[in-house]
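# Structure at a glance
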Amino acid sequence: MNHLATSRRLVILSLTAILASILSFTSLPQPAHAASGAALIARNLHQPTSSDPTYDYHLWVMDAVGKTNAIVAPPALSKGPISSFGGKPMFVLFIPPDRIEVIDLAKRTDRIYPAPPNPGLTLMINPEAPTPYPASAVLFKGGERLLFGGFTDTWYILDLTTGSYTAIAVKRDNQPFRYLPFAQSPADGFIYTNWSCRCDGPPGGVARYDLQGNGEVLDLHLGSYVQASSPTMSPAGYYLYFLAYDADQPLPSQNGPGISSNVIMRYRISDGTSSVIARAKPGVGIAAFTLTSDDPYITYVTGVSATSQQGLIVRVNLATRGAPEPLVTSSNYIYQPIWCGSTLYYGMGEASDKQYVYSYSPDTGETAQAEGQLLGCAP
C-alpha cells in the first residue's frame, strides 16, 4: 500500500476523531474514570431534519462482554446532541436564546439555568445558527460548579446549587487570541486553558489562570517540535500531555487538516520541563490519546506502518517508558479510546451509517461490539 493510501486512511481517522471531540464537551483526549467497568453509549433513533430539528437519543450501559442495558434518563436528552465531561455522565445543552440545561445522570438530576451573558461568545456558539451544546467549560472539583469561557475577556462560574453566576475578568496582555479553559488542576487549583484564536497566530499553546483572572502563558519548551494540540491534564494534576509534531520524522504531504502530530509530549508543571513520552512509527501520525487514573499508562491511536491502512491502539507505561504494547489492530479507523476500569472501549468506523462501540480486555484479549456512540464511563 503506498503513502497516498495511508494518508487517506489518516485523514479519515483524523476527521472522525475531530467529529468525536466536537460531540463531546471536552475535546479528545480525555481521562477515564477507573471506578466503573462499563461504558455509557447512546443510540440516536432520529436524526434532525429541517422540519424536525430535535434528536432522539436513548442511553445504554455496555459492559466488557458487549451486553447492553437501557438506563432511565431525563426526557430532555432528546432535545440535542449529547455532551460529556471526559467520561463523567453530565450533559449540558444550550437552549436558545438564553437558557442552558444541566443533566447529571449519576445524581439523576435535570435542571434549567439561565445561560451566561453573551452566550454566542461565552459558549463559543454561532448566534446565526446556535448549536445545542457549549464547547468550552470546566467542571470544578466537587462537581458543584461549572466554569464557562469563550471568545470574551470574562468567564462565568455557575453554582449548580443556587443557579447564580460569578464573573471573572480575565487579564490578558493585549493579545488577539483567547485561551479557552479545559481543566482545573486537582494539585494547584489553577484553571488550565488551551490557545484558540479567530485570527492568524502561533500554532497553539497553554496558559493557566487563578480564580481572580490572573494568568500566565506556559513555556512548554517544545524545542524543535511544533504545535501543542489536545492538551490534557493528568488525573492527579501534576502533568500536561499534548500532541506535537517532529518535523524530522515527516508525515506524507497529503495528510490534510488534523493529521499533523506524531509524538505525545509531557510537561511537568512543577519545573516546566517537557519530554517526549510516545512516538509514532515513521510515516504515520497519532490521532488521539487517553490517560488512565489507576495505572501509569497512556493509550493512543496510531497506524501500523506507513504502508498499511490498519489502525492500531497501543499503550506505553509512563513509569518505565518501555516499548509500546499493541492492544487492538483494525482495518477500519479507530477513534475515542476510553478506559473504564480495566476495560478499553473505543469507537470504530464502519461502512454503514451506524456507529459501533467496541470493548477490549487486556487480560483475556477478547473484544465485543455494540451499536451506539461512545460517551464515557457509565455512572
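Above: the structure in question.
Here goes a summary of the coordinates provided. Each residue is numbered by its place in its chain's sequence as written, counting from 1. For this predicted model, a pLDDT threshold of at least 70 governs which residues receive local features, and a threshold of 80 or more governs which side-chain atom pairs are given and counted, while totals over whole chains, interfaces and linings are taken from all residues. Computation of side-chain values: all heavy atoms of the structure, hydrogens and water removed.

### Here's the deal with the overall build of the chain
For the record, the criterion: Helix and strand assignments follow DSSP, with helices taken as H or I runs no shorter than four residues and strands as E runs no shorter than two, numbered in order from the N terminus. Relative accessibility under 20% of the residue-type maximum defines a buried residue, over 50% an exposed one, and the middle range a partly exposed one, all with a 1.4 Å probe and only protein chains included. Note on areas: Shrake-Rupley, 1.4 Å probe, and residue coverage restricted to the protein chains presented here.
Counting secondary structure elements, the chain contains two helices and 27 strands. Of all 379 residues assigned to the chain, the portion counted as buried reaches 54%. Here the chain displays about 16,100 Å² of accessible surface, and carbon together with sulfur accounts for 52% of that area.

### Considering the side chain of Thr193
Stated formally: Contacts are assigned to residue pairs with any non-hydrogen atoms lying within 4.5 Å of each other.
Tracing the backbone shows Thr193 in strand S12 (residues 191-196). Setting aside residues no more than four positions away along its own chain, Thr193 makes contact with Trp155, Tyr179, Leu180, Pro181, Phe182, Gly205, Val206, Ala207 and Tyr209.

### Some points on the sheet that holds strand S20 (residues 297-303)
Here is the rule we go by: DSSP calls a pair of strands paired once it identifies at least 2 bridges connecting them. Axes here mean lines fitted to C-alpha atoms, for a helix over just the part in contact, with angles spanning 0 to 180 degrees between N-to-C directions.
What the four strands build is an open sheet, ordered S19-S20-S21-S22; its pairing is antiparallel. At either margin of the open sheet sits one strand with a lone partner, and together these are strand S19 (286-291) and strand S22 (325-330). Each adjacent strand pair in this sheet contributes to an overall mean axis angle of 20 degrees, direction not counted. As defined by bridge partners, strand S21 (residues 311-317) adjoins S22 across five bridges and the pair is classed as antiparallel. Looking at the pairing, Arg315 lines up with Glu325 of S22.

### Examining the packing of aromatic side chains
Basically, it comes down to this: Only rings of Phe, Tyr and Trp enter the pairing, Trp through its six-membered ring, and a pair is recorded when the two centres are within 6.5 Å. The plane angle decides the type: under 30 degrees is stacked, over 60 is edge-to-face, the rest tilted.
For the structure shown, the criterion picks out four aromatic pairs. Considering the side-chain rings of Tyr156 and Tyr165, the 6.4 Å spacing of their centres and the 90 degrees angle between planes classify their relative orientation as edge-to-face. For Tyr156, a relative accessible area of 12% corresponds to the buried category. Seen in terms of ring centroids, Tyr346 and Tyr358 are 5.7 Å apart; in terms of plane orientation they differ by 10 degrees. Their pairing is stacked. One end of the pair, Tyr346, is in strand S24 (residues 343-348); the other, Tyr358, is in strand S25 (residues 356-360), and twelve residues separate them in sequence. Overall, the relative accessible area of 2% leaves Tyr346 in the buried class.

### Structural notes on the environment of Asn69
Along the chain, the position of Asn69 falls in strand S3 (residues 68-70). The class for Asn69 is partly exposed, based on a relative accessible area of 42%. In this view, Asn69 contacts Leu59, Trp60 and Val61; residues no more than four positions away in its chain are not counted.

### Observations concerning the pattern of salt bridges
Oppositely charged side chains can form a pair if their charged atoms are brought close together. We count it as follows: Any carboxyl oxygen of Asp or Glu within 4 Å of a side-chain nitrogen of Lys or Arg constitutes a salt bridge here.
Scanning the entire structure with this criterion turns up six salt bridges. Asp188 is paired through a salt bridge with Arg208; the nearest N and O atoms lie 3.6 Å apart. Of this pair, Asp188 sits in the loop between strand S11 (178-184) and S12 while Arg208 is found in strand S13 (residues 206-209), placing the two residues 20 residues apart along the sequence. Take Arg208: its relative accessible area is 17%, and that puts it in the buried class. Glu325 is paired through a salt bridge with Arg315; the nearest N and O atoms lie 2.9 Å apart. A residue pair is termed long-range when its members are at least 10 positions apart, and Glu325 in strand S22 and Arg315 in strand S21 qualify at ten residues.

### Section: the state of the cysteines
The criterion, for reference: Working definition: a disulfide is two cysteine sulfur atoms within 2.5 Å of each other.
Inspection of the entire model under this criterion finds one disulfide. At a sulfur-sulfur separation of 2.2 Å, the disulfide partner of Cys340 is Cys377. Since a negative S-S torsion denotes a left-handed disulfide, the Cys340-Cys377 link at about -100 degrees is left-handed. With Cys340 in strand S23 (residues 334-340) and Cys377 in strand S27 (residues 373-377), this residue pair connects regions lying 37 residues apart in the sequence. The class of Cys340 is buried, set by a relative accessible area of 0%. Residue Cys377 is classed as buried on the basis of its relative accessible area of 1%.

### Describing empty space enclosed by the protein
The following threshold applies: Buriedness for pockets is judged along seven lines, at least five of which must meet protein on both sides within 12 Å for an open set on the 1 Å grid over protein atoms alone, while cavities are sets there where a 1.4 Å probe fits but cannot get out, and lining residues have an atom within 4 Å of a point. Grid points are joined across faces, edges and corners, and a volume is the space filled by probe spheres set on the points. The classification used treats Ala, Val, Leu, Ile, Met, Phe, Trp, Tyr, Cys and Pro as nonpolar, Asp, Glu, Lys and Arg as charged, and all other residues, Gly among them, as polar.
Inspection of the entire model under this criterion finds two cavities of 30 Å³ or more. If you add up the space inside the largest cavity, you get close to 40 Å³. Lining of the largest cavity is provided by Gly150, Thr152, Asp153, Trp155, Val170, Arg172, Arg178, Tyr179 and Tyr209. Here the residues of the lining of the largest cavity sort into four nonpolar, two polar and three charged.

### Comments concerning the pairing of strand S5 (residues 99-104)
Burial runs high along S5: five of the six residues are buried. Note that strand S4 (residues 90-95) and S5 share six bridges and pair antiparallel. If you follow Phe91 over to S5, its bridge partner there is Ile103. The turn linking S4 back onto S5 is made up of three residues. Where S5 lies against strand S6 (residues 109-114), six bridges are found, and the strand directions are antiparallel. Residue Glu101 lies in a different strand from S6, and its bridge partner there is Ile112. Connecting S5 to the next strand, S6, in antiparallel fashion are four residues, including Arg108 with a positive phi near 55 degrees.

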